Amino acid sequence: MKKYIKLLNFEFNRIAKLFVVLLGITFVTQIIGVIVVSKNYLNMANEQIYDERINKVQFLETYGQMSFLQVVRSLWFVGPIALCLAGVALYIFLIWYRDWVGKNTFIYRLLMLPTTRLNIFYAKITTIMIMTIGLVSFQLIFLPIEILVMNSMVPNEFRADLSVVEIVTSILELSIIIPGSVVELILFYGAGLLVVSILFTGILMERSFRWKGIFAGLIYSALAVVILISPLLLQEFVLNGYFYPSELLVLEIVMGLIVLGATIWMSGFLLRKKITV
Amino acid sequence: MIEVKAVEKNYGSKKILKGVSFTANKGEITCLIGINGVGKTTILNAIMALTPINSGQILIGGEPIDKHTFEKITFIPDAITMLPHMTIAEAMEFMNDFYTGWNQRRATELLGFFRLNPSDKISSLSKGNTAKVNLLLGLALDVDYVLMDEPFSGIDMFSREEIANVFTSHLIENRGVILTTHEIGDIEHLIDKVVLLDDGMVTKEFNAEEVRETEGKSVIDVMREVYQR
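Once a new chain begins, its residue numbering starts again from 1 and follows that chain's sequence as written. Naming scheme: in the order in which they are written, chains are lettered from A and ligands are numbered from 1. Local features in a predicted model are, by the rule used here, given only for residues with pLDDT of at least 70; side-chain atom pairs are given and counted only at 80 or more, and totals for whole chains, interfaces and linings are based on all residues. Excluded from the side-chain calculations are hydrogens and water; all other atoms, namely the structure's heavy atoms, are used.

### Concerning the overall build of chain B
So, point 1. Only DSSP runs of H or I reaching four residues or more are called helices, and only runs of E reaching two or more are called strands; each is numbered from the N terminus. Tallying secondary structure elements over chain B gives 7 helices and 9 strands in all.
So, point 2. Atoms counted for the radius of gyration: C-alpha only. Globule rule: 2.2 Å times the number of residues to the power 0.38. For 229 residues, the compact-globule estimate of 2.2 N^0.38 gives 17 Å, and the C-alpha radius of gyration of chain B, at 17 Å, lies within 12% of that figure.
So, point 3. Here the term buried applies to any residue with accessible area under 20% of the maximum for its type, exposed to any over 50%, and partly exposed to those in between, with areas from a 1.4 Å probe on protein chains only. The proportion of buried residues among the 229 residues of chain B is 53%.
So, point 4. Here, two residues are considered to be in contact whenever any of their heavy atoms come within 4.5 Å of each other. A separation of at least 24 residues holds for 71% of the contacts in chain B among residues at least 6 apart in sequence.
So, point 5. Surface exposure here means Shrake-Rupley accessible area, sampled with a 1.4 Å probe, where a residue is shielded only by the protein chains that are shown. Summed over all atoms, the accessible surface of chain B reaches about 9900 Å², with 47% contributed by carbon and sulfur.

Right, dumping it as structure tokens:
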């Protein structure tokens, strides 16, 4: 356990710079987005009210109030989130391959540490999870700050104020990364953890058997997906809706745990017996 | 004792090791000699469980390798096993963090021996100094066995001399060393045991001192006999 914590600390320090850069880009871009979108709205209001000489009430009737949702729907807001997602997705592969590729032979050191090799797997997967949850948490901290910036720019009467919760729940993409309930949180992030662990196993298969490993990894991933969705397939095509939704949910969780267990076992086996530097 | 028993290793359809067997004792320097591509590095990787073998058995102190073995044996590959952006001090701290057998007093002694500056970044070091850091990280561990892959390869003459001096010092004493090389010149006088490899097989295994005394032959003489047959 102590070695796992040390490895986790070490792995996280390795991504700390990238993490801070992603956070910085997200914050700056979203703040610029708030300013640009607010300015556009205010410019339009000024144009209509002063140049076209329509009054405030008419303007608001025609164009509506500005809400933070306009910012959230802009590329300024979604762009950096997509960048962070791409960063995390890329890092799932990079976190392993950078220890092998090029002049880097750090994998020798990792595999020769006097601890179970599965700790390397655990440390890397936890790093990915911390990175993801960290990015989402900071997004939640950024949101009220960004709302504050908008509020300072757009006068009261031109604004429809929304709470952070209202903003998150009104956009599907946001409600996935920031779930509304504990059950959803466990399900969404559990599914994420499962996907990352299957990808890790695929990577370890490739690292163990090279070209043949890529095919093995693809077959393994496909098999894992089939096992995962087997209750859904049975429900749909064989049992004609025999299970209640809650039973189906429990079955899915059980399947998820089985696949996660198999994936961890397989990764441990590959790291102990098949991996090659 | 490290026992390598009938080890076979294939890369795809190519057979790299074809039943390699030899032993390396504690307190002795065993040298694996053979031309490039003969499987020397693969043997060291296999001993450290860094690559799987197809058949055979490897025992360290009578036991197959497991996580605890890495406190008893260390491997110094021909490339640095630390991250390039780390300083030498950070690399030593990493070792201290993970190995109970890390001997800081010996590490400091080695720093002085090799005249290395702990605040230097690994990426900024010359090839010779990088090899010395790699050696330092391995030798500062209180382990019974040290494996070294081509410790003299591509290194300038003076660094080679300094590294060779390590072998005659107390830094190596009482440990079992397996080292690989394809150029025996600098270290012939240091070796206790020689394992000659050719085409994935052990062609001869002998005690250097014994052959010198009984047959009046140097290691190079024996190599000439074996390889130029």
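More follows now that the structure is in view.
### Overview of the packing of aromatic side chains
Residues and elements named next belong to chain A.
So, point 1. Any Phe, Tyr or Trp ring, taking Trp's six-membered ring, that has another such ring centre within 6.5 Å forms a pair; planes under 30 degrees apart are called stacked, those over 60 apart edge-to-face, and the others tilted. Using the criterion set out here, one finds 21 aromatic pairs over all chains in the structure.
So, point 2. On the numbers, 5.4 Å between centres and 85° between planes, the contact of W96 with F200 is edge-to-face. With W96 in helix 4 (residues 75-97) and F200 in helix 9 (residues 182-238), the pair connects residues that are 104 residues apart, well separated along the chain.
So, point 3. Taking the relative accessible area as the measure of exposure, W96 reaches 0% and is therefore buried.
So, point 4. Among the residues examined, F200 registers a relative accessible area of 0% and is labelled buried.

### With respect to the pairing of strand 5 (residues 73-76) of chain B
All names here are of chain B.
So, point 1. Burial along strand 5 is two-sided: the face carrying I73 and F75 and the face carrying T74 and I76 are both buried.
So, point 2. By this definition, two strands are paired if DSSP reports at least two bridges between them. Bridge count for strand 5 against strand 6 (residues 145-149) is 4 bridges, and the pairing is parallel. Bridged to T74 within strand 6 is V146.

### Things to note about the domain arrangement of chain A
All names here are of chain A.
So, point 1. Domain delimitation in this document rests on an assignment produced automatically or drawn from a domain database. We note that the domain assignment places domain 1 (1-161) and domain 2 (179-277) within chain A.
So, point 2. If you average the C-alpha positions of domain 1 and of domain 2, the two centres end up 28 Å apart.
So, point 3. Two parts placed together each lose some accessible area under a 1.4 Å probe, and the buried area is that loss summed for both. Overall, the association of domain 1 and domain 2 removes approximately 1900 Å² of surface from exposure, summing both partners, and the carbon and sulfur fraction of that is 85%.
So, point 4. Salt bridges are defined by distance alone: a side-chain nitrogen of Lys or Arg within 4 Å of a carboxyl oxygen of Asp or Glu. Here domain 1 is connected to domain 2 by 0 salt bridges.
So, point 5. With 10 residues, the top contributor of residues to the side of domain 1 that touches domain 2 is helix 6 (residues 118-153).
So, point 6. Looking at the side of domain 1 that touches domain 2, its residues break down into 17 nonpolar, 1 polar and 2 charged. Think of it as three bins: nonpolar holds Ala, Val, Leu, Ile, Met, Phe, Trp, Tyr, Cys and Pro, charged holds Asp, Glu, Lys and Arg, and polar takes everything else, Gly as well.

### Overview of the interface of chain A and chain B
So, point 1. Of the residues lining the interface, 22 residues belong to chain A; the matching set on chain B comes to 23 residues.
So, point 2. The largest share of the area that chain A buries against chain B comes from R109, M112 and P114 of chain A, three residues that together contribute 30% of it.
So, point 3. Counting every contact that joins chain A to chain B gives 0 salt bridges.
So, point 4. Nitrogen and oxygen atoms within 3.5 Å of one another constitute a polar contact, given that in protein one can donate a hydrogen and the other can accept it, and given that sequence-neighbouring residues count only through two side-chain atoms. For the pair chain A and chain B, the number of links is 9 residue pairs in polar contact (both at pLDDT 80 or more).
So, point 5. Among the elements of the structure, helix 1 (2-51), helix 5 (106-111) and helix 10 (245-274) of chain A are those that each provide at least two residues to the side of chain A that touches chain B.
So, point 6. In terms of residues, the side of chain A that touches chain B owes the most to one element, helix 1 of chain A, which gives 5 residues.
So, point 7. Looking at the side of chain A that touches chain B residue by residue, the class counts come to 10 nonpolar, 5 polar and 7 charged.

### Looking at the packing of helix 4 (residues 127-139) of chain B against helix 5 (residues 157-168) of chain B
Residues and elements named next belong to chain B.
So, point 1. As a rule, the C-alpha atoms of each element are fitted with a line to give its axis, helices using only the stretch in contact, and angles between N-to-C directions run from 0 to 180 degrees. Their axes nearest at 10 Å, the elements helix 4 and helix 5 cross at an angle of 15°. In terms of their interaxial angle, helix 4 and helix 5 are classed as roughly parallel. Between helix 4 and helix 5 the crossing geometry is left-handed. Only S159, E162, I163 and V166 of helix 5 make contact with helix 4, whose side of the interface consists of G128, A131, K132, L135 and L139.
So, point 2. Taken together, the residues that form the contact of helix 4 with helix 5 break down as 5 nonpolar, 2 polar and 2 charged. Roughly parallel refers to an angle under 35 degrees, roughly antiparallel to one over 145, roughly perpendicular to one between 65 and 115, and oblique to any angle outside these ranges. Two helices that cross are described as forming a left-handed crossing if the nearer one is turned anticlockwise from the farther one by less than a right angle, and a right-handed crossing if clockwise.

### Focus on helix 7 (residues 219-227) of chain B
Residues and elements named next belong to chain B.
So, point 1. Buried within helix 7 we find V219, V222, M223 and V226. The buried residues of helix 7 all sit within an arc of 100° when viewed along its axis, so they share a single face.
So, point 2. Contacts made by the buried residues of helix 7 are with strand 3 (29-33), strand 8 (193-198), strand 9 (201-207) and helix 6 (208-214). Read the arc as the range of directions from the helix axis to the C-beta atoms.

### What about a nonpolar patch on the surface?
All names here are of chain A.
So, point 1. Together, V225, I229, L232, L233, L234, F237, V238, L239 and Y242 make up an exposed nonpolar region whose accessible area comes to about 850 Å².
So, point 2. Topologically, I229 is positioned in helix 9.
So, point 3. By relative accessible area, which is 34% here, I229 ends up partly exposed. Candidate patch residues must exceed 30% relative accessible area and have no salt bridge, after which like charges are joined if within 9 Å and Val, Leu, Ile, Met, Phe, Trp or Tyr side chains if within 5 Å.

### Brief notes about the packing of helix 6 of chain A against helix 10 of chain A
Residue and element names in this part refer to chain A.
So, point 1. Two elements in contact, helix 6 and helix 10, have axes whose closest approach is 8 Å; the angle formed by their N-to-C orientations is 125°. Between helix 6 and helix 10, the interaxial angle falls into the category oblique. Taken together, the residues of helix 10 that come into contact with helix 6 (itself represented by L118, F121 and Y122) are I264, S267, G268 and L271.
So, point 2. Tallied by class, residues from the contact of helix 6 with helix 10 come to 5 nonpolar, 2 polar and no charged.

### Let's talk about the sheet that holds strand 4 (residues 55-60) of chain B
Residues and elements named next belong to chain B.
So, point 1. As summarised here, the arrangement of the 3 strands in space is 2-1-4, forming an open sheet in which the pairing is antiparallel. Edge strands, defined here as strands with exactly one partner in the open sheet, are strand 2 (14-24) and strand 4. With direction set aside, neighbouring strand axes in the sheet form an average angle of 20°.
So, point 2. Inspection of the sheet shows strand 1 (residues 2-11) paired to strand 2 by 8 bridges, in the antiparallel sense. Of the residues in strand 2, the one forming a bridge with N10 is K15.

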